[in-house]
Amino acid sequence: MSGVKTLTVSEDEGEQRLDKWFKRRFPQLTQGHVEKMCRTGQIRVDGARARAADRIAPGQTIRVPPLPDTEAPSRSPESRISAADTKLIQNAVLWKDEHIIILNKPAGLPSQGGSGQGDRHVDGLAEALKFGYKDKPKLVHRLDKDTSGLLMLARTDRVARALSEALRHRNTRKIYWALVAGVPHPRQGSIKYGLMKAPGGGRGEGEKMLCIHPAKMSDFPDAKRAHTDFFTLWFLGTRMSWMALEPVTGRTHQLRAHLAELGHPIIGDGKYGSTAQENMGDGWGAQAGGEMSKKMHLHARMLSVQHPITKEMMTFTAPLPEHMARTWKLLDWNEKDVPADPFESLR
């Protein structure tokens, strides 16, 4: 066991999660080991307790407790990924060059690990996306576990920093498609409710967000401002709507919480769309019943971003996941009948 050390995050390490920094510096550590050291206060950032999921930045100091000297893993990271999962994640690649990989993430696959997730998440399976590079690509943003669609990974630290900055300064555009209960009135507009964590709601995928009316934001110091633009593309009577959603901000569960607050929960969203949730979908809640899938109908459809190296503007489109494609076929909806970017005329 080595003694206690204080290390500084270097400039070339960029911004990243604390657990990822530890596992790159000390490959013998498991995710569970890092999380335990954080929970017990053995790991500290700038002298303060920290969580494994906290993001660190160049210049910060990290207390490193005594660690085992020998590497525990007896196999390479790639060898721990099954052939089926290797095929799954490689088939999800929509586009790649030497700087960026664009995935169409399957619904049900988490973006990152957490309690009980093990290594079966995009960040863990990214070992199978090295395609000749020494290091695996890095996630620069996330999607909820049950949300499908476009996800960016950077193949170098330099590109990861550039894409993170673009997301932080809102120099990218993302459009989601959703199937929701009821039909919004008006059919297009903006939702600007603030968001804050519900008490006892857990962390990450497990947490639930509460909507705060814009006029009451000053009463809730923990609430963060959030802004979603929406556009109704098609609807079925008063029962359900096909909606395009553009998140102007990027808060946890933003689209799901905002639509539920409007009374139009996303079909299949049990967290925000239970039958007890007030909704305008003739009392359906988030389950449409019949032949329709019970999976969540939320898909990251379009992504526009400036390439951090070539400076070319790139736009990607992800086909619907199987369960949503079946629903669209059942409802006789065709993606060719709606504008690819309904918000373009509003910009």
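Use the structure listed above.
Rules of the game
- Residues numbered from 1 in each chain as written.
- Predicted model: local features only at pLDDT ≥ 70, side-chain atom pairs only at ≥ 80, totals over all residues.
- Heavy atoms only, no water.
- Salt bridge = Lys/Arg side-chain N within 4 Å of Asp/Glu carboxyl O.
- Helix = DSSP H or I, 4+ residues; strand = E, 2+ residues; numbered from the N terminus.
- Buried < 20%, exposed > 50% of the residue type's maximum accessible area, 1.4 Å probe, protein only.
- Core = buried A, V, L, I, M, F, W, Y, C linked by side-chain atoms within 4.5 Å.
- Axes fitted to C-alpha atoms, helices over the stretch in contact; angles between N-to-C directions.
- Parallel < 35°, antiparallel > 145°, perpendicular 65-115°, else oblique.
- Left-handed = near helix turned anticlockwise from the far one by under 90°.
- Contact = heavy atoms within 4.5 Å.
- Nonpolar A, V, L, I, M, F, W, Y, C, P; charged D, E, K, R; others polar.

Draft legend 1. The arrangement of the pattern of salt bridges in detail. One pass over the full model with this rule turns up 15 salt bridges. We note a salt bridge from Lys20 to Asp123, for which the minimum N-O separation is 2.6 Å. Of this pair, Lys20 sits in helix α1 (residues 18-25) while Asp123 is found in helix α4 (residues 122-125), placing the two residues 103 residues apart along the sequence. Accessibility expressed as a relative area gives 10% for Lys20, which makes it buried. Ionic pairing is found between Glu335 and Arg301, a salt bridge with its closest N-O pair at 3.2 Å. Of the two residues, Glu335 sits in the segment after α7 (322-330) while Arg301 sits in strand β17 (residues 298-306), which places them 34 residues apart along the sequence. Residue classification places Glu335 among the partly exposed residues on the basis of a relative accessible area of 34%. What makes Arg301 buried here is its relative accessible area of 10%. Several salt bridges converge on common partners, so that one network encompasses Lys20, Asp123 and Lys136.

Draft legend 2. Looking closely at the nonpolar core. The biggest cluster of nonpolar side chains holds 28 residues, and the ones touching the most others in it are Leu103, Leu153, Leu245 and Leu298. Where this core is concerned, the elements lending two or more residues are β8 (100-105), α4, β10 (148-154), β11 (173-181), β16 (240-247), α6 (254-262) and β17. A total of 3 residues in this core trace back to one element, the largest contributor, which is β11. Judged by nonpolar contacts, the second largest core, of 19 residues, contains Ala181, Trp242, Met292 and Phe343.

Draft legend 3. Region of the structure containing the packing of α1 against helix α2 (residues 31-39). Put simply, α1 and α2 touch, their axes get as near as 10 Å, and they point 125° apart. Relative to α2, the element α1 is oriented oblique. Remark: the crossing between α1 and α2 carries right-handed chirality. For the pair formed by α1 and α2, the contact residues are Leu18, Asp19, Lys20, Phe22 and Lys23 on the first element and Gln31, Val34 and Cys38 on the second. A class-by-class count of the residues in the contact of α1 with α2 yields 4 nonpolar, 1 polar and 3 charged.

Keep in mind these values describe shape, not function.
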